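Descriptive structure summary
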Amino acid sequence: MGYCKKRAFEVLKKISFERIAGTKEEYRCAEILKEECEKVGIEAVIEEFEIDTPEIQEVEFMMTKPYELKFTCVGIGKTGSTPDEGISGPLCYVENGLDANLLDVKGKIVLLTGGGKDTMAKIKKAGAIGYVSVHGSLFDAPEMIEEIRTRNAWLKPGEETIPGVVIHITDAQKLLRMNPEEVNIVLKQDGDKKATSHNVIATIPGTDKPEEIITFTAHYDSVIYSSGAWDNGTGSLTIMELMHYFNANKPKRTLKFIWCGSEEIGLVGSRSYCEKHEEELKNTLFNINVDMTGTLLGFEIAVCSCEEAVAKYIDILGKIEGFPIKTSVDMYSSDSSSFAVAGVPAVTFARLAPRGGAEIHSRRDILDHLDPEKFIKTVEFMAKFSENVINAKVFPVSKEMPKDLEAKIEQFKKRAPGKKKE
């Protein structure tokens, strides 16, 4: 067989600690993953890459008129610094930043509770001088309100933004009910600070067609305040169990198992891998990514960044195996997108939670909500799917992308941060 739920959950317990991009804890997790590969005789390497880690030196957000009231906040990295006295202006709630929300924001500080990766550029172009984003839930316990997760602006090289801070969503609601006449942001940061992050790469050579490569990916970093048991300790252990499976059942094509660092700050590890292994990607036929599995309460999905035939095959195989899974063709906010952008067909498997169920990006992401039986069911199905594809006499997945998906890939490229090509 090869896979084992008991072994997987023992390792999951070992790596369920805060492991933020570029920290010694992230590297400690990388070493654990490498050691687990080497225990069974599979060669693994740790490959480093540089990441941006802007350092917030001073941050304050307050209502200044009609009276003064400070709010707990964190600064948003890579959004620049304010003068010593900060920036002041009327507050304007722009919801999710549609064009109709931005008709009168010039000279104002905007409060944003939605929007996409293009929203910041639109807000700056409309004349806003600063912005406030939100974090958390209106139903968080009091102690969670102080634990606002840090984040960086999603910027392309050379793109400028405006100073930004994050407050808890309960404070955002409180602030709007006060009808403030003026608010002030003070933000000082070192935006050029760098750190080193790492990818872990293990290889099982193919028996018949070793020159053809299939990659398995899962990110292993977490966010602040989170043990990352579900996101994405489970994904990391899913591909490790698949590694054990194919170590026991040798594949016809070469398999690369890649545990990606720094996914949480913008898919940086997988993008770095694709940049450093550009020649290798010419022979890489398919990417299989896993981002969260194993919740007791949940449902299975597969998002295919490739031809529709793959989604249909997964759906049919699910019916044959009695494994309920919803499939679609789209880009997904995980490491599969880095491969799709690099021209490699990809799919992300995940087991998501119902509303009110298991939660990511907070202290609530813990082992208690996970189930070894659900975890191993996903591993079993993925092993069946992967083996059929990897050992096919003629590789069944076309590298040609559907036209509507190509448009989404181009849109993703425009917003993806990264190094400029010379």
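In the block above lies the structure referred to throughout.
Now for a quick tour of the structure. In this text the structure is predicted, and so the values were computed from the model without any measurement.

1. Brief notes about the sheet that holds strand β14 (residues 253–260)
Ordered in space as β1-β12-β14-β13-β15-β18-β16-β17, the eight strands form an open sheet in which the pairing is mixed. Sheet topology places β1 (44–52) and β17 (325–329) at the edges, where each strand pairs with a single neighbour. Mean inter-strand twist for the sheet, computed between neighbouring axes without regard to direction, equals 20 degrees. As paired elements, strand β16 (residues 299–305) and strand β18 (residues 346–352) share seven bridges and run antiparallel to each other. Considered in β18, the bridge of V303 is made with T348. Each of β13 (209–219), β14, β15 (284–290), β16, β17 and β18 is contacted by helix α11 (residues 372–390), which is oriented at about 175 degrees to β15, the strand it contacts most.

2. Overview of the sheet that holds strand β9 (residues 151–152)
Spatially, six strands are ordered β6-β7-β8-β10-β4-β9 in an open sheet, and the strand pairing comes out mixed. Edge positions in the open sheet fall to β6 (91–93) and β9, since each of these has one partner strand only. Against the sheet, helix α5 (residues 169–177) engages β6, β7 (109–111), β8 (130–135) and β10 (164–168), with an angle of about 95 degrees to β10.

3. Quick word on the packing of aromatic side chains
A full pass over the atoms with the stated rule returns eleven aromatic pairs. Measuring from ring centre to ring centre gives 6.1 Å for F216 and F246, while their planes differ by 40 degrees; the resulting arrangement is tilted. Separated by 30 residues along the polypeptide, F216 in strand β13 and F246 in helix α6 (residues 229–248) bring together distant segments of the chain. You'll find F216 and F246 in the same group, each marked buried. Ring geometry for F286 against F385: centres 6.4 Å apart, planes inclined by 65 degrees, an arrangement best described as edge-to-face. Linking F286 in strand β15 with F385 in helix α11, this pair joins segments that are 99 residues apart in sequence. F385 sits in the buried class, given a relative accessible area of 1%. Taken together, the aromatic side chains of Y3, F216, Y245, F246 and F257 make up a single cluster linked through ring pairs. Against the face of F17 rests R28, its NZ or CZ located 4.0 Å from the ring centre.

4. A few points about the nonpolar core
Grouped together as the largest cluster of nonpolar side chains are 68 residues, with contacts concentrated most on F216, F257, W259, F286, I314 and F349. Among residues more than four places away in sequence, those in contact with F349 are I288, N289, V290, D291, M292, I301, A302, I314, I325, F381, M382 and F385.

5. Some words on α5
All buried positions along α5 are accounted for by T170, D171, A172 and L175. Following α5 by one or two positions, N179 adopts a phi angle in the positive range, close to 50 degrees.

6. Remarks on the packing of helix α1 (residues 5–15) against α6
The N-to-C vectors of α1 and α6 enclose an angle of 140 degrees; their axes lie 10 Å apart at closest approach. Compared by their axis directions, α1 and α6 come out oblique. The interaxial crossing formed by α1 with α6 has right-handed handedness. Residue-level inspection shows R7, A8, V11, L12 and I15 of α1 in contact with α6, the latter providing A229, G233, T234, L237, E241 and H244.

7. A closer look at the environment of N101
Along the chain, N101 turns up in the loop between β6 and β7. Along the chain, N101 and P354 lie 253 residues apart, while their C-alpha atoms are 31 Å from each other. Residues in contact with N101, not counting those within four places in the same chain, are V94, E95 and N96.

8. Looking at the packing of α1 against helix α2 (residues 24–39)
Relative placement of two packed helices is described by the angle separating their axes and the distance separating the axes. At a minimum axis separation of 10 Å, α1 and α2 run at an interaxial angle of 155 degrees. By the angle between their axes, α1 is roughly antiparallel relative to α2. In the packing of α1 onto α2, the handedness of the crossing is right-handed. Along the contact surface, α1 presents V11, K14 and I15, while α2 presents C29, I32, E36 and K39. A per-class count over the contact of α1 with α2 returns four nonpolar, no polar and three charged.

9. Here's the deal with α11
End to end, α11 covers 26 Å across 19 residues, agreeing with the expected 27 Å (1.5 Å per residue, within 8%). Where α11 is concerned, the buried positions are F375, I376, T378, V379, F381, M382, A383, F385, S386, V389 and I390.

10. So, the pattern of salt bridges
Applying the stated criterion across every chain yields a total of 24 salt bridges. Across the pair K14 and E36 runs a salt bridge, and its minimum N-O distance is 3.1 Å. Of this pair, K14 sits in helix α1 while E36 sits in helix α2, and the two are 22 residues apart along the sequence. When its relative accessible area of 41% is taken as the criterion, K14 is described as partly exposed. Given a relative accessible area of 5%, E36 falls into the buried group. Through salt bridges with shared partners, a single network forms among K14, E36 and K39.

11. So, the state of the cysteines
Simply put, the disulfide is a covalent bond whose two ends are the sulfur atoms of two cysteines. Per the counting criterion, the structure on display carries zero disulfides. No disulfide involves C37; its sulfur sits 11 Å from that of C29, the nearest cysteine. Just so you know, C260 is unpaired, no disulfide at all, and the nearest cysteine sulfur is the one on C274, 8.2 Å from it. Judged by relative accessible area, which is 0%, C260 ranks as buried.

12. Digging into the pairing of β10
The buried fraction of β10 amounts to five of the five residues, a majority that puts the element mostly inside the structure. Along β10, one buried face is formed by G164, V166 and H168 and the opposite face, lined by V165 and I167, is buried too. Bridge count for strand β4 (residues 73–77) against β10 is three bridges, and the pairing is antiparallel. Bridging across to β10, V74 finds its partner in V166. The sheet contact formed by β8 and β10 spans five bridges and is parallel. Of the residues in β10, the one forming a bridge with V132 is V165.

What counts and how
- Residues numbered from 1 in each chain as written.
- Predicted model: local features only at pLDDT ≥ 70, side-chain atom pairs only at ≥ 80, totals over all residues.
- Heavy atoms only, no water.
- Pairing = 2+ DSSP bridges.
- Helix = DSSP H or I, 4+ residues; strand = E, 2+ residues; numbered from the N terminus.
- Axes fitted to C-alpha atoms, helices over the stretch in contact; angles between N-to-C directions.
- Contact = heavy atoms within 4.5 Å.
- Phe/Tyr/Trp six-rings, centres within 6.5 Å; stacked < 30°, edge-to-face > 60°.
- Buried < 20%, exposed > 50% of the residue type's maximum accessible area, 1.4 Å probe, protein only.
- Lys NZ or Arg CZ within 6 Å of the ring centre and 35° of its normal.
- Core = buried A, V, L, I, M, F, W, Y, C linked by side-chain atoms within 4.5 Å.
- Parallel < 35°, antiparallel > 145°, perpendicular 65-115°, else oblique.
- Left-handed = near helix turned anticlockwise from the far one by under 90°.
- Nonpolar A, V, L, I, M, F, W, Y, C, P; charged D, E, K, R; others polar.
- Expected span 1.5 Å × (residues − 1).
- Salt bridge = Lys/Arg side-chain N within 4 Å of Asp/Glu carboxyl O.
- Disulfide = S-S within 2.5 Å.

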